[in-house]
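# Coordinates in review
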Amino acid sequence: MSALREAKAELVAMLGGRRPWLPLALAVVGSALAGLAAGGLLAQTGASSDLEAATVVVARGSAAQLAIVVLASLGVAAPYRDGSWMHAALANPSAARRLALSIAAMLVPALLLAVLSSAAALAGAAALVRPGAGAVLVAAGIHLATSAAWAVWMAALAHASRSPMLVLAAGLALPLLVEPGIAGALALASLDGLRWLLPGQALRALAEGIVADGAVLARIDAAAMRLGGAAAVGWTAIVVLAAWARMRGSGRR
């Protein structure tokens, strides 16, 4: 079976019968509401540029991150609970190939969710602020890149943990509770620069660092962006290797 056909089969299995509408609904509805809130903030405080306005709406207003977490939980981790992982394991005994095909399949709906989330956030903010088309394209392009990295992490975490609830807990608690607490502790210890090594903060550095001096967004300098980029590569290697080792060790998907 060709790699393209295998990836297509993986995609069909990922989306089939596992409430695929749920991440889609989260992406569209959540982004529209968050985009409205971002538009209200920008209308009240003003933006330093079209690029900042677009970045605030897309980077802060998109609910793609949450939708991707739910997608990984339902489409990648859940098969380990109902036994359907065995079909992929029997069809392809190579753990590395199964992982690569799964990640490739995950990226397709994840990027679609990122596009829809960006559009919904911009639509939600449109009544209050409308950034220029060029700025929107730049912000949306960067958002797609960071969403792809997040999708790889969540897919790998799903394979490594094999627990839908752990994927949800980690994907939600990490950026909302754990990282802000760690970042605050680092700031109190005068080690604020190290927060860009955290996964979510690394993606934030890459997503928002293009805004040099913002009225709403805090400035992220070039050193922080480099540190965030290195951290993103490092976290990708860690979670992918962890997933591969778990899949290879048990001979499962």
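You'll find the structure just up there.
Okay, so let's go over this structure. One numbering rule holds for all chains: residues counted from 1, following each sequence as written. Residue-level local features of this predicted model are given only where pLDDT is at least 70; pairs of side-chain atoms are given and counted only at 80 or more, and the full residue set underlies all totals for whole chains, interfaces and linings. Side-chain metrics rest on all non-hydrogen atoms present in the structure, leaving aside hydrogens and water.

### Here we look at the pattern of salt bridges
Applicable threshold: Each reported salt bridge corresponds to a side-chain nitrogen of Lys or Arg within 4 Å of a carboxyl oxygen of Asp or Glu. The secondary structure listing takes helices from DSSP runs of H or I that are at least 4 residues long and strands from runs of E that are at least 2 residues long, numbered from the N terminus. For each residue, the accessible area found with a 1.4 Å probe, counting protein chains only, is set against the maximum for its type, and the residue is called buried under 20%, exposed over 50%, and partly exposed in between.
Summed over all chains, the structure comprises three salt bridges. For Arg60, the salt bridge goes to Glu208, with nearest N and O atoms at 2.6 Å. Of this pair, Arg60 sits in helix α3 (residues 50–61) while Glu208 is found in helix α10 (residues 199–208), placing the two residues 148 residues apart along the sequence. By relative accessible area, which is 3% here, Glu208 ends up buried. Here Arg195 ties to Asp192 by a salt bridge, and the two come within 3.2 Å at their closest N and O atoms. Take Asp192: its relative accessible area is 34%, and that puts it in the partly exposed class. When salt bridges that share partners are traced, they join Arg60, Arg204 and Glu208 into one network.

### Quick notes on the environment of Val211
The line we're drawing: Contact between two residues is taken to exist if any of their heavy atoms lie within 4.5 Å; hydrogens are not considered.
Take Val211: it is sitting in the loop between α10 and α11 (222–250). Judged by relative accessible area, Val211 falls into the buried class, the value being 4%. Leave out the neighbours within four places in its chain, and Val211 touches Leu51, Glu52, Thr55 and Leu217.

### Focus: the nonpolar core
Convention followed: By nonpolar core is meant a set of buried Ala, Val, Leu, Ile, Met, Phe, Trp, Tyr and Cys residues that side-chain atoms within 4.5 Å join together.
One finds Ile68, Met106, Leu113, Trp150, Trp153, Met154 and Val167 to be the most contacted residues of the largest nonpolar core, which totals 32 residues. Secondary-structure elements contributing two or more residues to this core are α4 (64–77), α7 (95–125), α8 (133–161) and α11. Not counting residues up to four positions away in its chain, the partners in contact with Met106 are Met14, Ile68, Leu71, Ala72, Val76, Ala151 and Ala155. Listed in part, the ten residues of the second largest apolar core include Ala53, Val56, Val57 and Ala121.

### With respect to a nonpolar patch on the surface
Inclusion rule: Patch construction takes residues with relative accessible area above 30% that form no salt bridge. Like charges are linked within 9 Å, and nonpolar side chains (Val, Leu, Ile, Met, Phe, Trp, Tyr) are linked within 5 Å. All accessibility values rest on the Shrake-Rupley procedure with a 1.4 Å probe; residue burial counts only the protein chains present in the view.
A cluster of nonpolar side chains, namely Leu24, Val28, Val29, Leu33, Leu112 and Leu116, defines an oily patch on the protein surface of about 500 Å² accessible area. Mapped by element, the contributors of at least two residues to the nonpolar patch are α2 (21–45) and α7. Take the nonpolar patch: its biggest share by element is four residues, from α2. Among the secondary structure elements, Val28 is positioned in helix α2.

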